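Residue-level structural notes
Here's the letter readout for the chains.
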Amino acid sequence: MLISCSEGGVVEDPAGVAHVHPQRLARYHRLTAAWPPTSLLQDTVKSRLPFGRRALDLGCGSGRDSQFLARSGFSVTAIDIASEAAAYFTKMDSVEFLQADIEQLSLPTAAYDVVNAAFCLPFLRAAVVPRVIRHIKAALRPRGVFVGHLFGDRYVGIGRNSSLALFTRAELTAFFSTMNMLRLVEVEREGVLADGTAAHWHRFDIAAQHV
Ligand SMILES: C[S@@+](CC[C@H](N)C(=O)[O-])C[C@H]1O[C@@H](n2cnc3c(N)ncnc32)[C@H](O)[C@@H]1O
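All values derive from a computational prediction rather than experimental measurement.

On to the overall build of the protein chain. A count of helical and extended segments in the protein chain gives five helices and eight strands. Relative to its 211 residues, the protein chain shows a buried fraction of 45%.

Pasting the structure below:
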């Protein structure tokens, strides 16, 4: 295949990676390595997805979701921009790790039954996110499912970072207008990042099916 890229533990929400600071990113990967998979992915896999097929885990970090997908019977391609993430995948069966930038990815067409993007799309440039979502849709097989998160425009967290991709509900709905929205949950509340830093969470949990 050619690719030319908590809800668990004590912390309620996993994101908050300092994507511009490799050391903070590595710390985030260490902190979250033993976290359970996102409940969004677990729920979707249980209710919607066939077993024993192909999955793509974008912005996989230290691989909690990749492992879960592999344990659920998928053959997994896991992609992250961080080279140090590779170390978490050396002993994972059924998971191939690729270091790549999602913004530059060329994905195979109609190749995956699930594309997971947990807490990673907000770290892309906002202008490229609609294109990335179109590519994800094209990479899904018919009835394949996208599972992932976008941050809302009232999110305030990591580094008060103006480079995060933040969207309104209307914008997000438009991105997925050609897919069948299986789940769209808007979460807004005070919370913390993986390292305990306070954050105002505003995010969307999304599961959308290729029709
Ligand atoms: C908040 S972490 C989420 C990690 C993992 N999905 C999880 O839920 O534990 C965001 C991840 O996206 C990765 N990332 C950020 N920008 C990226 C890009 N342009 N291409 C690939 N990965 C990227 C980061 O390295 C980081 O591992």
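Back to the write-up after that little detour.
For helix α1 (residues 22-32), the set of buried residues is L25, Y28, H29, L31 and T32. Angularly, the buried residues of α1 cover 165° about the axis, an arc narrow enough to put them on a single face. Those residues of α1 hidden inside the fold are in contact with α3 (64-71).

Turning our attention to the site of the ligand. Taken together, the neighbourhood of the ligand is formed by 25 residues, with G59, G61, I81, A118 and C120 sitting nearest. At the level of secondary structure, the elements contributing two or more residues to the shell around the ligand comprise α1, α3 and β2 (75-80). Counted by class, the shell around the ligand contains 16 nonpolar, four polar and five charged residues.

This paragraph deals with the confidence of the model for the protein chain. Residues with a pLDDT of 70 or more make up 85% of the protein chain, whose mean pLDDT is 87. Looking over the protein chain, one finds the lowest element-wise mean pLDDT in α1, namely 86, and the highest in helix α5 (residues 169-175), namely 98. Throughout residues 1-20 the model reports pLDDT below 50, and contacts reaching past four residues in sequence, or to other chains, amount to 55 contacts.

Residues L58, V115 and F146 are the most contacted members of the largest nonpolar core, which totals 57 residues. When near neighbours in sequence (up to four residues on either side) are disregarded, V115 contacts L56, L58, I136, A139, L140 and F146.

Where helix α4 (residues 129-139) is concerned, the buried positions are V129, V132, I133, I136 and A139. Down the axis of α4, the buried set is contained in an arc of 120°. They therefore lie on one face. Residues of α4 that are exposed and point over 90 degrees away from its buried face: R131 and R134. Looking at the buried side of α4, the elements it contacts are β1 (54-58), β4 (112-117), β5 (140-152) and α5.

Let us now look at the environment of M179. Position of M179 among the secondary structure elements: in the loop between α5 and β7 (180-192). With 20 C-beta atoms packed within 10 Å, M179 lands in the buried category. It is 9.6 Å that separates the C-alpha atoms of M179 and R143, two residues lying 36 residues apart in sequence. Apart from the residues within four sequence positions on either side, M179 is in contact with K137, F146, A208, Q209, H210 and V211.

What follows concerns the pairing of β1. Looking along a regular strand, one sees side chains alternate from face to face of the sheet. Here β1 lies mainly inside the structure; four of its five residues are buried. In this sheet, β2 lies alongside β1 in parallel orientation, the contact comprising five bridges. Across the sheet, the residue bridging to L56 is T77, located in β2. Chirality of the crossover, the property in question, places the unit of β1, α3 and β2 among those that are right-handed. In this structure, β1 lies alongside β4, joined through three bridges in parallel fashion. Across the sheet, A55 pairs through a bridge with V114, a residue of β4.

Within β4, six of the six residues are buried, leaving the element largely enclosed by the surrounding structure. Where β4 meets β5, five bridges bridge the pair, whose relative direction is parallel. Note that in β5 the partner of V115 across the bridge is F146. Chirality of the crossover, the property in question, places the unit of β4, α4 and β5 among those that are right-handed.

Rules and cut-offs
Residues numbered from 1 in each chain as written. Predicted model: local features only at pLDDT ≥ 70, side-chain atom pairs only at ≥ 80, totals over all residues. Helix = DSSP H or I, 4+ residues; strand = E, 2+ residues; numbered from the N terminus. Buried ≥ 20, exposed ≤ 12 C-beta atoms within 10 Å, placed from the backbone. Arc of directions from axis to C-beta. Contact = placed C-beta atoms within 7 Å. Near = placed C-beta within 6 Å. Nonpolar A, V, L, I, M, F, W, Y, C, P; charged D, E, K, R; others polar. pLDDT = per-residue confidence, 0-100. Core = buried A, V, L, I, M, F, W, Y, C linked by C-beta atoms within 7 Å. Pairing = 2+ DSSP bridges. Right-handed = clockwise from strand over helix to strand, strands pointing away.

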